[in-house]
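If you want the building blocks of each chain, they are given just below.
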Amino acid sequence: MIGSSIEIIMNRLSKEKRAQILSVLVEGNSLRATARICDVAFNTVLKFVPEIGKACSEYQDKVFRNLDCKRVECDEIWSFVYSKQKNVPQEHKGEFGYGDVWTWVAIDADTKLVVSWLVADRGASAASEFMRDLAGRLKNSVQLTTDGHKVYLNAVESAFGGEVDYAMLVKIYGPDSSPDSSKRYSPATCIGADKVVVSGEPDLSNVSTSYVERQNLTMRMNMRRFTRLTNGFSKKVENHSYAIALHYMHYNFCRIHKTLRITPAMAAGVTDHVWRTEEVLDLLNR
């Protein structure tokens, strides 16, 4: 819950100053760098992120409904919260929000809209929750592609039943490469990929995870928290989730996609214009 202290602090700042803080944050700067650039206190920026992130999350949850998607790609991206997994204190071992944290992402391959995301572990329960949320946002049956993570099989069946053309893109790595992205700092050597039809009749020429993987790169480039070697990592999983919601708000509504020449939200028919930073701030008053 956002306390009154945050409201008092943020009310002291002009809308122009808050817009500046927001613009600096979404361009990949850490909280401390943002505070220095904007000449504000670190705690002001720290308390601003959950406030605006919560508003962005609630707005996108509300408007991303009845979406007319045709092709959806899903993937998971690794990060860590509090500390690296090996450094988690004994009293927090096995507790979510300490160590490895995964963000499940679904993107519309045509409009590039990030339709759904979930911050969780990488287990079967998280996969089921993610797929149920995705299915609830779609207007029609879609062609769905995921990687070869086995937990997707039951999750997709439970969420979509037989009303989906679903295929897995199973990548084949070289003998000295590990597909576990939490243990490496450069891409593993992929020597091939198998397209595995799971249900329905997916068009094999459209079985791909390229767009969602490119979106993962955008996340790493535009959120300091996702840099692999960083001291700007999230200390609390709640703030991690708020920062992701803010990132996707900017990506979906404010940032013109180079290949589309419009924003993903415009391409998907969710909005009719490019949002300004001030419009994002207005979500706080809704």
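Residues numbered from 1 in each chain as written. Predicted model: local features only at pLDDT ≥ 70, side-chain atom pairs only at ≥ 80, totals over all residues. Heavy atoms only, no water.

*Asks:* Before we go on, may I ask you to explain the pairing of strand β2 (residues 99–108) in this structure?
*Replies:* Residues in a regular strand point their side chains to alternate faces of the sheet. β2 sits mainly inside the fold: nine of its ten residues count as buried. Note that strand β1 (residues 71–81) and β2 share ten bridges and pair antiparallel. Bridging across to β2, Ile77 finds its partner in Thr103. Where β2 folds back on strand β3 (residues 114–120), the antiparallel hairpin that results is connected by five residues, among which Lys112 adopts a positive phi of roughly 65°. (Buried < 20%, exposed > 50% of the residue type's maximum accessible area, 1.4 Å probe, protein only. Helix = DSSP H or I, 4+ residues; strand = E, 2+ residues; numbered from the N terminus. Pairing = 2+ DSSP bridges.)

*Asks:* Teacher, can you tell me more about unusual backbone geometry here?
*Replies:* Only a minority of non-glycine residues have a phi that is not negative, and only a minority of peptide bonds are not trans. One non-glycine residue with positive phi stands out, namely Asn66, at about 55°. Take Asn66: its relative accessible area is 52%, and that puts it in the exposed class. The residue Lys112 is not glycine, and still its phi comes out positive at about 65°. Tracing the chain through its elements places Lys112 in the loop between β2 and β3.

*Asks:* Help me understand the side chain of Ser199, please; the structure alone is not making it clear to me.
*Replies:* Tracing the backbone shows Ser199 in strand β6 (residues 190–199). At 3.2 Å, the side chain of Ser199 forms a polar contact with the backbone oxygen of Val164. If we ignore the near neighbours within four places in the chain, the residues touching Ser199 are Val164, Asp165 and Tyr166. (Polar contact = N/O pair within 3.5 Å; in protein donor to acceptor, adjacent residues only side chain to side chain. Contact = heavy atoms within 4.5 Å.)

*Asks:* In this structure, what is going on with helix α7 (residues 210–222)? I would like to understand it.
*Replies:* Taking 1.5 Å per residue as the helical rise, α7 with its 13 residues ought to reach 18 Å, and the 18 Å between its terminal C-alpha atoms agrees with that figure. What α7 keeps buried is the set Val212, Gln215, Asn216, Thr218, Met219, Arg220 and Asn222. Buried residues along α7 sit against α2 (15–26), β1, β2, β3 and α8 (237–254). (Expected span 1.5 Å × (residues − 1).)

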